[in-house]
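Survey of secondary and tertiary structure
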Amino acid sequence: MKFGDKRAANITTGDIESYRHHRREQGVSPVTSNHDLKLLRKMFAWGVRERLIPATPFKVGTESVIALDPETPRERRFASDDDETRLLRAANPHLRGILVAMLDTCCRPGEILSLQWGDVDMSSRELVVRAEKAKTRRARRLPMSTRLHAVRAGLGDLHL
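Thresholds applied
Residues numbered from 1 in each chain as written. Predicted model: local features only at pLDDT ≥ 70, side-chain atom pairs only at ≥ 80, totals over all residues. Heavy atoms only, no water. Disulfide = S-S within 2.5 Å. Pairing = 2+ DSSP bridges. Helix = DSSP H or I, 4+ residues; strand = E, 2+ residues; numbered from the N terminus. Core = buried A, V, L, I, M, F, W, Y, C linked by side-chain atoms within 4.5 Å. Buried < 20%, exposed > 50% of the residue type's maximum accessible area, 1.4 Å probe, protein only.

Let us now look at the state of the cysteines. In total, this model carries zero disulfides according to the counting rule given. Sulfur of C106: no disulfide; nearest cysteine sulfur belongs to C107 and is 7.8 Å away.

Have a look at this one:
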């Protein structure tokens, strides 16, 4: 489903639901689908605030009519406690270090892969994700777990 040449003021709640259904058929995750819907909702809210459109298809009066899809909680990364262990055992040492860094810091792959030695503060056992490498464009200092510290100590050529 595409909105095509349809004017924003003529897009209905049904059109939004059709778009969501189309995205599901494409196999996108609930996280991606919700991201799309949140962006559309913000665009329509902006259009209403700027008086470019009379109403948003996301609301009837003051009531929201399009709910987001349920997502797997971020803290529940694996179906069982064994899954993480099996993943780490299957990975080669280089990949294992990257996976441990991602799991223990909750960083995105690009944030981990862009780390340089200057971003590692061994005295305080912290990693620094530079603002230009972060999705949010904000620098942040992250504690280095004991497990990550051990991996880092054993892999001198790792990106950490």
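So, about the pairing of strand β4 (residues 126-129). Note that strand β3 (residues 120-121) and β4 share two bridges and pair antiparallel. In the sheet register, D121 faces β4, and the bridge partner there is E126. Joining the antiparallel neighbours β3 and β4 is a turn of four residues, in which R125 adopts a positive phi near 55°. Relative to strand β5 (residues 140-143), β4 runs antiparallel, the two sharing four bridges. The residue bridging V128 from the neighbouring strand is R141, located in β5.

The next thing to look at is the sheet that holds β4. Within the open sheet, the three strands sit side by side as β3-β4-β5. Their pairing is antiparallel. Among the strands making up the open sheet, the edge pair consists of β3 and β5.

If you look at the biggest cluster of nonpolar residues, it comprises 18 residues, and the most contacted ones within it are I112, L127 and L148. Counting residues per element, the ones that place at least two in this core are α4 (93-105), β4 and α6 (146-154). With nine residues, the next largest nonpolar core counts I16, Y19, F44 and F58 among its residues.

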